[in-house]
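Listed below, chain by chain, are the residues.
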Amino acid sequence: MNLDWLNFTPWSALAGGMLIGLAASLFVVANGRIAGVSGLIGSLLQRGSEGLGEKALFLLGLLVAPLLWGVFATLPPLEFQNGWLGLTVAGLLVGIGTRYGSGCTSGHGVCGISRLSPRSMVATACFMLSGFVTVFVLRHVMGG
Amino acid sequence: MRKLTAFIAGLLFGLGLLLAGMTNPTKVLGFLDLAGTWDPSLALVMIGAIGTAIVPLAWARQQTHALLGSPMQLPVKRELDRRLIGGSLVFGIGWGIAGICPGPAVAILLTGHWQAFVFMLAMLAGMLFGVLETRRVH
């Protein structure tokens, strides 16, 4: 295995992760809710789910974060690897998969593992595994 | 007050994603590419996040109500069923194609890239399909 020393950013990754953990902690301790982004969006799409105001405001905070960042510093680089077709297929799979699997990287990966939920550990292992396999197939089997 | 803490939590979450570099699909795919030159950053993001959240979440599990008075709403499901496993595997395929998961998908929407809108529209369509299908089953 070759480490990508050029792009590996251990300190900002750790600090950013701690900020994410702090945000998830605040939401659960103050509001009693899990900061799972796919779940929050999913309940906005569903009629009659409760706490819509709080859920929408969490998502609004997430949405405007780059605008606040932009006031003080230049935004970090954003490089996409797909055209519209790849993005559409990927978006559909992420949308369907997170609804069926009841969560994503935030809800299962961060919050679920933090509360030691076996369901979330299994879910995280599954999406990590299929993510690794997908990238391996796309980059090293099909080449490109 | 609950709305304010919800907003601040979302804001901190987004700033954390930006600081960690997780809003950049190429960086996320660099983590998922074990056989290429591997960028372990995402693993450190997870360690930082879980290390920070584990004690507050352990506290939360002991409570019936959150600090601001609303009931503590933690997931209650326990089964390791086909929906959980199948759904997560499908999610991982999409994540592996684009390097974008739902949190960053929201956090990059207003950065002025058309790609973010295409991904978001497709993701919402996928979620809507899931929501409608769930309603049919139950």
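A quick note: this is a predicted structure, and the numbers were derived from the prediction, not measured.

Digging into the overall build of chain B
Here is step 1: Within chain B, the regular secondary structure consists of six helices and one strand.
Here is step 2: Moving toward the C terminus, one meets the helices and strands of chain B in the order α-α-β-α-α-α-α.
Here is step 3: Projected onto the principal axes, the alpha-carbon positions of chain B cover approximately 45 × 40 × 30 Å.
Here is step 4: The buried share among the 138 residues of chain B stands at 53%.

Some points on the overall build of chain A
Here is step 1: Check the secondary structure of chain A and you find six helices and one strand.
Here is step 2: Listing every helix and strand of chain A by position from the N terminus yields β-α-α-α-α-α-α.
Here is step 3: The 144 residues of chain A split such that 55% are buried.
Here is step 4: Sequence-distant contacts in chain A: of pairs separated by 6 or more residues, those separated by 24 or more amount to 40%.

Points about the interface of chain B and chain A
Here is step 1: The interface of chain B with chain A comprises 108 residues on the first partner and 106 residues on the second.
Here is step 2: Listing elements by their share of the side of chain B that touches chain A, those giving two or more residues are helix 1 (2-20), helix 2 (25-32), strand 1 (37-38), helix 3 (41-61), helix 4 (82-98), helix 5 (102-107) and helix 6 (114-137) of chain B.
Here is step 3: Classifying every residue of the side of chain B that touches chain A by side-chain character gives 68 nonpolar, 31 polar and nine charged.
Here is step 4: Direction of pairing for strand 1 (residues 2-3) of chain A relative to strand 1 of chain B: parallel, over a ladder of two bridges. The residue of strand 1 of chain B that forms the bridge with Leu3 of chain A is Trp38 of chain B.

Some points on the environment of Val122 of chain A
All names here are of chain A.
Here is step 1: Mapping Val122 onto the fold places it in helix 6 (residues 118-141).
Here is step 2: Since 17 C-beta atoms lie within 10 Å of it, Val122 is described here as partly exposed.
Here is step 3: C-alpha separation for the pair Val122 and His108, spaced 14 residues apart in sequence, amounts to 8.9 Å.

Here we look at helix 2 of chain B
Working note: α-helix, 3.6 residues per turn, so residues spaced by three or four point in the same direction.
Here is step 1: With respect to burial, helix 2 of chain B is a largely interior element, seven of its eight residues being buried.
Here is step 2: Of the positions making up helix 2 of chain B, those classed as buried are Pro25, Lys27, Val28, Leu29, Gly30, Phe31 and Leu32 of chain B.

A word on the confidence of the model for chain B
Here is step 1: When pLDDT is averaged along chain B, the result is 94, and 97% of the positions lie at 70 or above.
Here is step 2: Both scores are given for the predicted complex: the pTM is 0.96, the ipTM 0.96.

Focus: the environment of Met18 of chain A
Here is step 1: In this structure, Met18 of chain A sits in helix 1 (residues 10-31).
Here is step 2: Apart from the residues within four sequence positions on either side, Met18 of chain A is in contact with Gly48, Ala49 and Thr52 of chain B.

Description of the nonpolar core
Note that soluble globular proteins tend to have their nonpolar side chains buried in a common cluster.
Here is step 1: Counting 84 residues, the largest nonpolar core has Ala23, Ala24 and Phe27 of chain A together with Phe119 of chain B as the members making the most contacts within it.
Here is step 2: For this core, the element with the highest residue contribution is helix 1 of chain A, accounting for 12 residues.
Here is step 3: If near-sequence neighbours (up to four positions away) are discounted, Phe27 of chain A is found in contact with Arg33, Ala35 and Phe58 of chain A together with Ala6 and Ala9 of chain B.

Here's the deal with helix 4 (residues 84-100) of chain A
All names here are of chain A.
Here is step 1: The end-to-end C-alpha distance of helix 4, which contains 17 residues, comes to 24 Å, matching closely the 24 Å that a straight helix rising 1.5 Å per residue would cover.
Here is step 2: Judged by how many residues are buried, helix 4 sits mostly within the fold: 12 of 17 residues are covered.
Here is step 3: Just past helix 4, the residue Ser102 takes up positive phi, approximately 55°.

Some details on the packing of helix 3 (residues 52-72) of chain A against helix 1 of chain B
Here is step 1: Where helix 3 of chain A meets helix 1 of chain B, the closest approach of the two axes is 6 Å, and the angle between their N-to-C directions is 40°. Relative to helix 1 of chain B, helix 3 of chain A is oriented oblique. As helix 3 of chain A packs across helix 1 of chain B, the resulting crossing turns out to be right-handed.
Here is step 2: Grouping the constituent residues of the contact of helix 3 of chain A with helix 1 of chain B by class yields 18 nonpolar, four polar and three charged.

Digging into unusual backbone geometry
Residues and elements named next belong to chain A.
Here is step 1: A positive phi is found at Ser102, a non-glycine position, where the angle reads about 55°.
Here is step 2: Tracing the backbone shows Ser102 in the loop between helix 4 and helix 5 (105-114).
Here is step 3: Within the chain, Leu116 stands out as a residue other than glycine whose phi angle is a positive 60°.
Here is step 4: A tally of 13 C-beta atoms within 10 Å means that Leu116 is categorised as partly exposed.

Regarding the packing of helix 2 (residues 37-45) of chain A against helix 3 of chain A
Packed helices, taken two at a time, are described by the angle between their axes plus the distance between the axes.
Residues and elements named next belong to chain A.
Here is step 1: Contact geometry for helix 2 and helix 3: axes closest at 10 Å, N-to-C directions at 130°. Taken together, the axis directions place helix 2 and helix 3 in an arrangement best described as oblique. As for the relative orientation of helix 2 and helix 3, their crossing is left-handed in sense. In contact with Leu40, Ile41, Ser43 and Leu44 of helix 2, helix 3 contributes Leu52, Lys55, Ala56, Phe58 and Leu59.
Here is step 2: The class makeup of the residues in the contact of helix 2 with helix 3 is seven nonpolar, one polar and one charged.

Cut-offs applied
Per chain, the residues get numbers from 1 upward, laid out in the order the sequence is written. Chain labels run from A onward and ligand labels from 1 onward, assigned in the order the entries are written. For a predicted model such as this one, the threshold for reporting local features is a pLDDT of at least 70, and the threshold for listing and counting side-chain atom pairs is 80 or more; totals across whole chains, interfaces and linings nevertheless cover every residue. A helix here means a DSSP run of H or I that spans at least four residues, while a strand means a run of E at least two residues long, and both kinds are numbered starting from the N terminus. Once C-beta atoms are placed from the backbone, each residue is buried if 20 or more other C-beta atoms lie within 10 Å of its own, exposed if 12 or fewer, and partly exposed for counts between those two. Two residues form a contact once the distance between their C-beta atoms, set from the backbone, is within 7 Å. Each residue receives one of three labels: charged for Asp, Glu, Lys and Arg, nonpolar for Ala, Val, Leu, Ile, Met, Phe, Trp, Tyr, Cys and Pro, and polar for the others, Gly being one of them. Strands are treated as partners if at least two bridges between them are detected by DSSP. A residue's pLDDT is the confidence the predictor assigns to it, expressed on a 0 to 100 scale. A set of buried Ala, Val, Leu, Ile, Met, Phe, Trp, Tyr and Cys residues, joined through C-beta atoms within 7 Å, is what we mean by a nonpolar core. By definition here, a helix of n residues has an expected span of 1.5 Å times n minus one. To define axes, lines are fitted to C-alpha atoms, for helices over the stretch in contact only, and angles between the resulting N-to-C directions are given on a 0 to 180 degree scale. For this classification, under 35 degrees means roughly parallel, over 145 means roughly antiparallel, 65 to 115 means roughly perpendicular, and everything else is oblique. In this scheme the handedness of a crossing depends on how the near helix is turned from the far one: anticlockwise by less than a right angle means left-handed, clockwise means right-handed.

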